[in-house]
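Understanding the architecture of this molecule
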Amino acid sequence: MAVKKPKIIVVGGGLGGLWATIRIAEAGYDVDIFSLFQVKRSHSACAQGGINACLDTKGQRDSIRQHIIDTIKGGAYLANQPPIKTMCEEAPGLIRTFDRMGVTWSRTAEGVMDLRLFGGVKNKRTCFSGATTGQQLLYVCDEQVRKYEEAGKVHKYEWWEFLSIVKDSNGACKGIVAIDLRTMETKAFRADAVVLATGGLGLVYGKSTNSTNSTGAAAARVYQQGAKFINGEFIQFHPTAMPGDDKNRLMSEAARGEGGRIWVPKNVEDTRPGKEIPEEERWYFLEEWYPAYGNTVPRDVASRAIWKVCRELNNGIGGKDLVYLDLSHRDEAFLRARLGGIMEIYEKFAGEDPTKVPMKIFPAVHYSMGGLWVDWEKDEASGGMKQPSARNHQTSIPGLFAAGECDGAYHGANRLGANSLLSASFSGRVAGESVAVYVKGLKEGADSLPGNIYSDEKQRQDSINQGLMNSQGDENPFLLHHDLGELMRNGVSIIRDNKTLDEALAGLQELKARFNKISLDDTANWSNQPLIYARQVYDMIVLGEVLAKSARMRDECRGSHWKPEFELKIPEGKFSGDPEFEEYRAKWKANNEQWLKTTVAEHTQSGPQISYEKIEISVLPPDEPRDYR
Ligand SMILES: Cc1cc2nc3c(=O)[nH]c(=O)nc-3n(C[C@H](O)[C@H](O)[C@H](O)COP(=O)(O)OP(=O)(O)OC[C@H]3O[C@@H](n4cnc5c(N)ncnc54)[C@H](O)[C@@H]3O)c2cc1C
């Protein structure tokens, strides 16, 4: 007999979590949604530039097929292709749904949806709301969820932190333990299925473009409870961020899509302000090296080019890790209307008006292509993903689903700009629908499970907290996080080598040992932030190990993972058809035989155990190497 009134928990109130909630509530089930703070403040609200969908309102003969190709190639073929196919096919419908929900899209004077150019593509395909797209999308989802909240179908637990899942005797997920961030009370919650939509992990690197809550701790926790984590080595460094002491602030790819140009003074000793340097004394290196795509090459390519100019050629501005992102040649009114959100951020933190002077930027950690392993079911008829299916977006732990940036499904080795608001929304929607199918098939409800599985897990969490509160060492979590960030930024960076990765792995062991000597400067029972933070720091160290070990094991260059020792160089000035290029293509294919596979990390007491999984390449077999020249 089916479970009478299944109860579902969604952890995370960003685009992924809210979309899952909407779909589950629509299917008639009750949802408890957990978030570290008001869901409306989730990190999705920070997204700036836009969301991809083939609408072709510019008449460029854009096609969904091209969106699929760009996404697969942009990710260096490292993602299962049927889910990508379905995501791109459903993108235009998703945009229309957002439109009906009230998103204030930027439009042309004629009222047509405007589109802008983004990286790694030739056609304008990015829908946007000025430079605050994420906020507009999140707010309309929030309104929908409030409707269900009002109807009593959704209950929000804001200011609660997820600590762990509760498993039954078969290893299936049957609830969670969470902590009230105000009272510090831990509590076990029963659920027939749980969706994790807890966002990215940029804070593992200390400084990034992410918010302070993007620690990845929730994903690390379920990983330590048995969920598989894939492709940890693929971390996106966004080419254009403002370096800062506290964090790195993103200057959206939309800036380049709207005509922004990257350059450095030809003479590294040139001390004149950027605006005063004449055109012929500037080096537009992206335009020179990649004439076909210019400033809108994909992020991994742009970041490596900037790295090369600054670190290898020592030609950054004034010899520093800085290059110019220049929009000052564009009309001010145009910039304010299209990019106002980021123009204001730059002006506020740099004290200079980017409509008048070029901005100074450098790559920064931005996005994790890897994440929790999630299943999917193929639809043999269409070649895409079968929907709905209880398998879609289910992690390796039955009953635990994952969506949004914390899953690793869509972006392979490199994410294309504006594809993440798409994957977060799409995957949340799919996960919600999958949960509705999954709970229908359950024979026994969480309500009838023995209470001890819940009290035992709560007890385990309480003793971790108590252990930290009692610990009397000479280490503090803030310093440990600082050191973790430095280690990751230096050791698992844009350019990698095995010696440095070995050192990073050894350094992570040391950090773990130091963590055992931690002491908290606050042992209060009310809103104890150091305790919460310390727990996140530990989980970030665990994730750091996954990232570093996965990177150490992959001996090749692919997307954002670059080990020059193993680079297959495209012959200069040679293109498809030239014998030299064909020789390169053969080598590239041979390398794919060995390395075109998903990295799968599983937790063991002695660290991550790595294995590999085959990739489904039925939509676009890897015959064409990525080439943006
Ligand atoms: C500055 C910036 C700009 C961006 N711009 C774009 C763009 O223009 N286009 C694009 O496609 N992508 C963009 N991205 C990426 C995109 O915004 C994100 O990948 C996406 O919004 C993530 O959505 P999400 O739902 O997975 O997570 P989030 O929106 O990060 O939400 C995570 C949720 O999980 C909750 N949570 C986390 N941990 C816990 C826990 N332990 N317990 C309880 N709750 C928890 C949080 O409270 C939050 O509600 C940008 C990213 C950044 C950093």
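Refer to the structure presented above.
Okay, so let's go over this structure. Chains are numbered independently. Their residues run from 1 in the order of the written sequence. Restriction of local features to residues with pLDDT of at least 70 applies here, the model being predicted, together with a cutoff of 80 or more for giving and counting side-chain atom pairs; totals for whole chains, interfaces and linings are based on all residues. Heavy atoms from the whole structure form the basis of all side-chain values; hydrogens and water molecules are not counted.

A few points about the site of the ligand
Rules: Being near a molecule or strand, for a residue, comes down to having at least one heavy atom within 4 Å of it. Here a polar contact means two N or O atoms within 3.5 Å. Within protein one must be a hydrogen donor candidate and the other an acceptor candidate, and residues neighboring in sequence count only if both atoms are side-chain atoms. Note on areas: these come from Shrake-Rupley sampling with a 1.4 Å probe, and a residue is covered only by the protein chains present in the view. Secondary structure elements follow DSSP: runs of H or I no shorter than four residues count as helices, runs of E no shorter than two count as strands, and numbering proceeds from the N terminus. Any residue that is not Ala, Val, Leu, Ile, Met, Phe, Trp, Tyr, Cys, Pro, Asp, Glu, Lys or Arg is counted as polar, Gly included; the first ten are nonpolar and the last four charged.
In the neighbourhood of the ligand, 39 residues make up the surrounding shell, with Ser42, Ser44, Gly49, Glu405 and Leu421 lying closest. Contacts to the ligand include serine 42, whose side-chain N or O atom sits 2.6 Å from an oxygen atom. Between the ligand and phenylalanine 162, the relevant distance is 2.8 Å, taken from a nitrogen atom to a main-chain nitrogen or oxygen of the residue. Protein chains bury 98% of the 1000 Å² of accessible surface belonging to the ligand in isolation. Those elements that place two or more of their residues in the shell around the ligand are helix H1 (15-26), strand S2 (30-35), strand S7 (160-167), helix H5 (217-224), strand S17 (359-368) and helix H10 (420-440). Within the shell around the ligand, the residues separate by chemical class into 16 nonpolar, 19 polar and 4 charged.

Notes on the sheet that holds strand S9 (residues 186-190)
Rules: Two strands pair under a simple rule: DSSP has to find at least two bridges between them. Lines are fitted to the C-alpha atoms to define the axes, a helix being fitted only along its stretch in contact, and any angle between axes, read from their N-to-C directions, falls within 0 to 180 degrees. Residues count as neighbours in contact if any of their non-hydrogen atoms are within 4.5 Å of one another.
Spatially, S7-S8-S9 is the arrangement adopted by the 3 strands of the open sheet, whose pairing is antiparallel. Of all strands in the sheet, those bounded by a partner on one side alone are S7 and S9. Between one strand axis and the next, the sheet turns through 25 degrees on average, direction left out of account. Inspection of the sheet shows strand S8 (residues 173-180) paired to S9 by 5 bridges, in the antiparallel sense. The residue of S9 that forms the bridge with isoleucine 179 is threonine 186. Of the strands in this sheet, S7, S8 and S9 touch helix H11 (residues 452-470), which is tilted by about 135 degrees from S7.

Here's the deal with the side chain of serine 493
Note that serine 493 resides in the loop between helix H12 (477-491) and helix H13 (498-515). Among the polar contacts made by the side chain of serine 493, one reaches the main-chain carbonyl oxygen of arginine 489 at a distance of 3.2 Å. Setting aside anything within four residues of it in sequence, one finds serine 493 in contact with Phe237, Trp307 and Met488.

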